Amino acid sequence: MSLDEPSFIEALAATPLLQRAAWAGALAGLSCASLSPLVVLRRMAFIGDGMAHSAFGGLGLALFVLAGSRYEDFSVQAVTLGFCLLVAVAIGVASRRGEAAAMAEDSAIGIGFSVSMALGALFIALRQRREPQYMTSMDTFLFGNLVNIGTGDVVLLCAVALLVLAVLVLFHKEMLFYSFDARLAEASGINTALFHYLFLLLLVLTVVLASRVVGIVLVSASLVLPGVIGLKVCSRLVPAMVAAAVTGVVSFELGLYGSYRFNVPPGAAIVLVQFVILLLATVLERLRSPQAE
Amino acid sequence: MVTAMVHVADPGPAHAGPKPVIDLRQVSFSYGSRPAVLEAVDFKVTDGEFLGLIGPNGGGKTTLLKLVLGLLRPHSGEVLVLGRHAIALGQERRLLGYVPQDTGISKHFPATVLDVALMGTYANLGLLRWPGRMEREAAREALRQTGLEGLEHGLAGKLSGGQQQRLAIARALVSQPRLLLLDEPTSGLDTGGQSQLFALLQRLREQHKLTVVMVSHDVTALAHYADQVACLNRTIHWHDRSEMLSEAVLRKVYACELDAFFIQHRQHLEEFHGDAAPAGHAHGPHCEHE
């Protein structure tokens, strides 16, 4: 099997399309995975998932409103981003109101997420009725499309990855305190509202741009699995973030290789690679502290 | 619902001494359009004083602490802390140490004991500044004072309940507060842990000249350690040590919860009143019940 490895490298060197896929995958993996320890600690996995699925509503809306548009168009991405930001604000308000909230946070997310999906399906059906010749398969949305990536996508993903890293580096102490105990952080004078919405903004940007490349299924997975892995192998937040980021990039590249080598969908390969790393991390954790439950 | 007239101590010459650290003037508060949680609450806590707050669940104790912390804005009245409106404390907020209810730290939370103590310096450091040697030293000192030295590099979530409470106090102490606000710090601790915590507070209070406000259901311990105890059930009822915690007063404040409460505490109360004879109303506000 290993004899085939150079052929992947050779193909990578020779094919700009594969290079872009490798870059885009690595950057999407880096952004999602860097955020994932905080997503896990803040128990926001469901919010990430909800936003990833809300993107479907935004996408349907964009395809319906923008006549003749395609899934790949940036205008479609822009509308999707706007829609997701609105959903994020609604979820953010619901999840911050605490005791005064009209409904439980997970119910609010569940409603936002399913209504968005329903709207997406409705708009796409309407669009299909209007212009059947333009429609792309919805598999692209669910599992991404590493084949249609342009330089513009790579640049955007790079910008988002840089923004995510910059915020995490500059504000990691506030994020740590906020994740530790939001009420206490607020009582101590930390502007928790600012960091709550900043974090949600990063999540939305990452989810919308990354799901365009790797699909919402993989984005949802990458917002959780690398974080769980990082927190299993490291006992402090910053090392856990680094471990998660490394896991994110490595799993995307390994998955991409697996996809090329065995001719399987990249999304599936990447998630399974992450799951194998999780199993290894669990074994490592057990070996280090055998008495742990 | 208890309805009691509240009278504030006459701010005559006897009380003109130390400036109040907390000064609540006719404060009312309710969440949204729900019935008032606090109604015309009016009291002062002077420098170095230890105030115990008791009262039934839902009586407004935690809300009162949040008002003092400036996390909530009163619907009417004024909440003055260190001479300023609590809501606009700004930098002065670091002088308030807060130990919240239920500090249960998740077992695998990725922070060491020292990391958690250092959180006490974050607000003071502000954005884009990180703890340096000075902050680490302050955190280590707070851990020493709370008996947690040697545990700095262990995971905070692995500490016992009592140790986690002491860590919460250490974190609150790091910013060198003048006022320590504790919300039921002894809930979830066994009797030994509770008395250790009170002894620790007593020592810290003397060392740091702290003003302490503690919400607690541990009436017996408050009777021993607090200078004054106020019962809060929408309105506030005052008792200084001399007349503290008579059955009638507690029955009035705790209303229907009292029977179970008394079975548990009657004996302790009798013991306490046995060795602390009433000495009249030496100071402090009093209340009249309808």
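The structure under discussion appears in the preceding block.
So, how was this worked out
Residues numbered from 1 in each chain as written. Chains lettered and ligands numbered in written order. Predicted model: local features only at pLDDT ≥ 70, side-chain atom pairs only at ≥ 80, totals over all residues. Heavy atoms only, no water. Helix = DSSP H or I, 4+ residues; strand = E, 2+ residues; numbered from the N terminus. Rg over C-alpha atoms; globule rule 2.2 N^0.38 Å. Buried < 20%, exposed > 50% of the residue type's maximum accessible area, 1.4 Å probe, protein only. Contact = heavy atoms within 4.5 Å. Areas by Shrake-Rupley, 256 points an atom, 1.4 Å probe, with all protein chains shown as cover. Lys, Arg positive; Asp, Glu negative; His and termini not counted. Charge placed at Lys NZ, Arg CZ, Asp CG, Glu CD. Phe/Tyr/Trp six-rings, centres within 6.5 Å; stacked < 30°, edge-to-face > 60°. Lys NZ or Arg CZ within 6 Å of the ring centre and 35° of its normal. Axes fitted to C-alpha atoms, helices over the stretch in contact; angles between N-to-C directions. Parallel < 35°, antiparallel > 145°, perpendicular 65-115°, else oblique. Left-handed = near helix turned anticlockwise from the far one by under 90°. Nonpolar A, V, L, I, M, F, W, Y, C, P; charged D, E, K, R; others polar. Polar contact = N/O pair within 3.5 Å; in protein donor to acceptor, adjacent residues only side chain to side chain. Pairing = 2+ DSSP bridges. Expected span 1.5 Å × (residues − 1). Core = buried A, V, L, I, M, F, W, Y, C linked by side-chain atoms within 4.5 Å. Salt bridge = Lys/Arg side-chain N within 4 Å of Asp/Glu carboxyl O.

Another aspect to go through is the overall build of chain A. Each helix and strand counted, chain A has 13 helices and zero strands in total. Across chain A, helices and strands are ordered from the amino to the carboxyl terminus as α-α-α-α-α-α-α-α-α-α-α-α-α. For chain A, the C-alpha radius of gyration of 19 Å lies close to 19 Å, the compact-globule estimate for 293 residues. A principal-axis box enclosing the C-alpha atoms of chain A has dimensions of 55 × 50 × 30 Å. Looking at the 293 residues of chain A, the share that counts as buried comes to 49%. Considering only contacts in chain A between residues 6 or more positions apart, those separated by 24 or more positions represent 77%. With an accessible surface of roughly 12700 Å², chain A has 69% of that area assigned to carbon and sulfur atoms. Once the 17 positive and 18 negative side-chain charges of chain A are each reduced to a mean point, those two points are 4 Å apart.

Another point: the packing of aromatic side chains. Taken as a whole, this structure holds nine aromatic pairs over all chains when the rule is applied. Judged by centre distance (5.8 Å) and plane angle (80°), the ring pair of F177(A) and Y122(B) falls under edge-to-face. Placement of F177(A) in helix α8 (residues 172–180) and of Y122(B) in helix α2 (residues 113–125) is noted, with the two residues assigned to different chains. As far as the burial class goes, F177(A) and Y122(B) line up, both buried. What links up through ring pairs into an aromatic cluster is the set F8(A), Y257(A) and Y260(A). Of note, R42(A) hangs over the ring of Y178(A), and the distance from its end group to the ring centre comes to 4.0 Å.

Our focus in this paragraph is the packing of helix α11 (residues 225–233) of chain A against helix α13 (residues 266–288) of chain A. Residue and element names in this part refer to chain A. At their nearest, the axes of α11 and α13 sit 9 Å apart, and the two run at 15° to each other. The angle between α11 and α13 falls in the class roughly parallel. Here the hand of the crossing between α11 and α13 comes out left-handed. Contacts from L225, P226, V228, I229, K232 and V233 of α11 reach α13 at V271, Q274, I277, L278, A281, T282, L284, E285 and R288. Grouping the constituent residues of the contact of α11 with α13 by class yields 10 nonpolar, two polar and three charged.

Turning to the side chain of H196(A), a few remarks are in order. By secondary structure assignment, the location of H196(A) is in helix α10 (residues 192–222). Within polar-contact distance, the side chain of H196(A) engages the side chain of Y178(A) at 2.3 Å.

Residues and elements named next belong to chain B. Pairing in this open sheet of four strands is antiparallel, and the strands run β3-β2-β5-β6 from one edge to the other. This sheet does not close on itself; its edge strands, each paired only once, are β3 (38–46) and β6 (84–85). With five bridges joining them, strand β2 (residues 20–29) and strand β5 (residues 76–81) adopt antiparallel strand pairing. Note that in β5 the partner of I22 across the bridge is V81. Lying over the sheet, helix α1 (residues 61–69) contacts β2, β3 and β5, oriented at roughly 120° with respect to β2.

Here E206(B) is to be found in helix α5 (residues 191–208). Sequence separation between E206(B) and G48(B) is 158 residues, and the spatial gap between their C-alpha atoms is 8.6 Å.

To continue, consider helix α4 (residues 161–174) of chain B. All names here are of chain B. The terminal C-alpha atoms of α4 lie 20 Å apart, and with 14 residues this matches the ideal 20 Å at 1.5 Å per residue to within 8%. Most of α4 is tucked away, with 11 of its 14 residues classed as buried. Every buried residue belonging to α4 is among Q164, Q165, R166, L167, A168, I169, A170, R171, A172, L173 and V174, and all of these are buried. Count one or two residues on from α4 and you reach Q176, which has phi positive near 50°.

Ranked by size, the top nonpolar core spans 153 residues in total, and within it L203(A), I22(B), F43(B), L167(B) and L181(B) carry the most contacts. Take this core: its biggest share by element is 16 residues, from α10(A). Excluding anything up to four places from it in sequence, L167(B) contacts I105(B), V113(B), V116(B), A117(B), L143(B), L148(B), A156(B) and L159(B). A221(A), I229(A), L278(A) and A281(A) belong to the second-largest nonpolar core, a separate cluster that totals five residues.

This next bit is on the pattern of salt bridges. Within the structure shown, the criterion is met by 14 salt bridges over all chains. Between E131(A) and R127(A) there is a salt bridge, with its nearest N and O atoms 3.3 Å apart. Judged on exposure class, the residue E131(A) and its partner R127(A) are both buried. Of the charged contacts, one joins D227(B) and R205(B) as a salt bridge, the two residues approaching to 2.7 Å between their closest N and O atoms. Taken together, the positions of D227(B) in the loop between α6 (219–225) and β10 (228–233) and R205(B) in helix α5 put the pair 22 residues apart, joining distant regions of the chain.

Residues and elements named next belong to chain A. Structurally, S36 is set in helix α2 (residues 16–41). Residue S36 is classed as buried on the basis of its relative accessible area, which comes to 0%. In contact with S36, not counting residues within four places along its chain, are S222, L223, V224, P226, G227 and A244.

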